[in-house]
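Observations on chain architecture
The chain contents come next:
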Amino acid sequence: MCVKTNDEKYIASTYARFPLFIEKGKGSLAYDEDGKEYIDLGTGIAVNTFGYCDEEWIGAVTAQLSAVQHTSNLFYSAPDTELAKLLCEKTGFKKVFFSNSGAEANECAIKAARKYAADKKGGDYYTIITLKNSFHGRTVTTLAATGQDTFHKDFLPLTDGFCYVEANNTEELEKAVKTNKIAAIMFELVQGEGGVIPLDKEFVQKIAQIAQKEDILMIADEVQTGNGRTGKLYAYMNYGINPDIVTTAKGIGGGLPLGATLFGEKTANVLTPGTHGSTFGGNPVCCAGAVNIISRIDDKLLDEVAKKSNYIIEELSKCKGISNITGMGLMLGFNTLKDSSEVIKECREKGVIVIKAKDKIRLLPALNIPWELLKRAVEVIKTVNS
Ligand SMILES: *Cc1c(COP(=O)(O)O)cnc(C)c1O
């Protein structure tokens, strides 16, 4: 396979790839170079929200591509404005900053939180609490935010001003707030890379309480959980909280690179001219695609997401080789009796693509995966693990 040898020769060796080259796809089906068909339950890590090459999305993207592909943020532009309006109307957030990735969306949130605290309380209130086992990105600052030492080593020193508490440990959280000058608490409502682990409702309520009382900002990293993935437009909506900042990326663009940082009442005007920017941020083509994606995530679709989620959980629970099913909506993880790499390999051989999160199998199917394909894929997973 020429792609494989050239990849190994010319692409920086940062990725342990599966031995599969997806040449094309349609909806929830992917095809390798031999034309073998796969049901894709990975969606490029929760990116292809409506699967591969969705017709409506292609229409929106190509129409914009033929009008104007980029203007820079020196000029007004329609697609990013329309997308920001749509996001604000659907969430109640006030303003949006667009970037190109999850890490950048988080960088923006971190800068805004530091500036909010500096403006209000003074420059020594810069520390941000994040959770152990979290994942917030690969830049030096978002690595610092990531509460996993394995990602840190070899890249020290990282950006100063982060401290880590164990997820769902209220005592540790209270202690961290007492002993540091805190600007913000940043968390994934469902830890994705950490193993698809949802936070406890009580713990999230506690974060909200403390944040309110101490005027500490709540930053929800919804890079993976956002855009319908957990059965609500954003996962915080499952928890009855109102974060001050929400970051998202992955699924928002339906396959094109786009990051967004949403600002609520308190934080809407923290960033002022010259304090932040991005050359590609809010790219018209990416935003036109995202308008299509976000406008299609309605109650009917979300209801289907919940039904499909319940179906997967119910079916996999019957399987002897599967345990500890966690997650929300169409972001699910589970442990397997068999080694997870072996499970992924066997599923692939039987025409189903699943991915990993730590020691777990992770499922992130397209939000509109047809029932018939979902049922077939679940049968394969059950067969492999029975
Ligand atoms: C994927 C992910 C990121 C990083 O996003 P990139 O687009 O790879 O920079 C950050 N936070 C969470 C929760 C993620 O899942």
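First, a word on what this report is: a plain description of the structure on this page. (Residues numbered from 1 in each chain as written. Predicted model: local features only at pLDDT ≥ 70, side-chain atom pairs only at ≥ 80, totals over all residues. Heavy atoms only, no water.)

This part is about the side chain of Asn-238. Its location among the elements puts Asn-238 in the loop between strand E10 (217-221) and strand E11 (245-248). Residue Asn-238 is classed as buried on the basis of its relative accessible area of 17%. Within polar-contact distance, the side chain of Asn-238 engages the side chain of Thr-230 at 2.9 Å. Excluding residues within four positions of it along the chain, Asn-238 makes contact with Lys-201, Thr-230, Lys-232 and Met-328. (Helix = DSSP H or I, 4+ residues; strand = E, 2+ residues; numbered from the N terminus. Buried < 20%, exposed > 50% of the residue type's maximum accessible area, 1.4 Å probe, protein only. Polar contact = N/O pair within 3.5 Å; in protein donor to acceptor, adjacent residues only side chain to side chain. Contact = heavy atoms within 4.5 Å.)

Inspection of the region around the ligand gives Ser-101, Gly-102, Ala-103, Asn-106, Phe-135, His-136, Gly-137, Glu-188, Asp-221, Val-223, Gln-224 and Lys-250 as its neighbouring residues. One of the backbone nitrogen or oxygen atoms of Phe-135 is found 3.3 Å away from a nitrogen atom of the ligand. At a separation of 2.8 Å, a nitrogen atom of the ligand approaches a polar side-chain atom of Asp-221. Coverage of the ligand by the protein amounts to 81% of the 380 Å² it exposes when considered alone. The element best represented in the shell around the ligand is helix H5 (residues 102-120), accounting for three residues. Of the residues contributing to the shell around the ligand, the split by class is three nonpolar, six polar and three charged. (Near = heavy atom within 4 Å. Areas by Shrake-Rupley, 256 points an atom, 1.4 Å probe, with all protein chains shown as cover. Nonpolar A, V, L, I, M, F, W, Y, C, P; charged D, E, K, R; others polar.)

With that out of the way, let us pick up the environment of Asn-73. Inspection of the secondary structure assignment puts Asn-73 in the loop between helix H3 (55-67) and helix H4 (78-91). Along the backbone, Asn-73 and Gly-25 are 48 residues apart, and their C-alpha atoms lie at a distance of 33 Å. In this structure Asn-73 touches Asp-80, Ser-278, Thr-279 and Gly-281, once residues within four positions along its chain are discounted. Only 3.1 Å separates the side chain of Asn-73 from the backbone oxygen of Gly-281, close enough to count as a polar contact.

This part is about the packing of aromatic side chains. As enumerated under the stated definition, the model contains three aromatic pairs in all. Measuring from centroid to centroid gives 5.9 Å for Phe-93 and Tyr-236, while their planes differ by 70°, and the two rings are edge-to-face. Placement of Phe-93 in the loop between H4 and strand E4 (95-99) and of Tyr-236 in the loop between E10 and E11 is noted, with a sequence separation of 143 residues between them. The class of Phe-93 is buried, set by a relative accessible area of 6%. (Phe/Tyr/Trp six-rings, centres within 6.5 Å; stacked < 30°, edge-to-face > 60°.)

Take the pattern of salt bridges next. Here the structure, examined in full by the defined rule, presents 24 salt bridges. Of the charged contacts in the structure, one is a salt bridge between Asp-119 and Lys-115, with a shortest N-O distance of 3.1 Å. One end of the pair is Asp-119 and the other is Lys-115, both in helix H5 and four residues apart, which spans about a single turn. With a relative accessible area of 52%, Asp-119 lands in the exposed category. Classification of Lys-115 by relative accessible area gives partly exposed; the value is 24%. Measuring nitrogen to oxygen at the nearest pair gives 3.7 Å for the salt bridge that ties Asp-154 to Lys-153. The two residues Asp-154 and Lys-153 agree in class, both being exposed. What you see here is one network of salt bridges that share partners, running through Glu-315, Lys-318, Glu-379 and Lys-382. (Salt bridge = Lys/Arg side-chain N within 4 Å of Asp/Glu carboxyl O.)

Turning our attention to unusual backbone geometry. In the segment running from Leu-156 into Pro-157, the intervening peptide bond is cis, with an omega of 0°. If you trace the backbone, Pro-157 turns up in the loop between helix H7 (149-152) and strand E6 (162-165). Even without glycine at this site, Ala-46 takes up a positive phi of about 60°. With respect to the element layout, Ala-46 can be found in helix H2 (residues 43-46). Look at Asp-154: it is not a glycine, yet its phi comes out positive at around 80°.

A few words on the sheet that holds strand E14 (residues 331-336). Sheet architecture is open: four strands sit in the order E13-E14-E17-E16, paired in antiparallel fashion. One side of each edge strand has no neighbouring strand; the edge strands of this open sheet are strand E13 (322-328) and strand E16 (355-357). Taking the axes of each pair of neighbouring strands and ignoring which way they run, one obtains an average angle of 35° across the sheet. For E13 and E14, the ladder comprises five bridges, and the chain directions are antiparallel. Each bridged residue has a counterpart across the sheet, and for Gly-327 the counterpart in E14 is Leu-332. Its contacts with the sheet place helix H12 (residues 340-349) against E14, E16 and strand E17 (360-363), and it is angled at close to 160° to E16. (Pairing = 2+ DSSP bridges. Axes fitted to C-alpha atoms, helices over the stretch in contact; angles between N-to-C directions.)

Geometry only, nothing functional implied.
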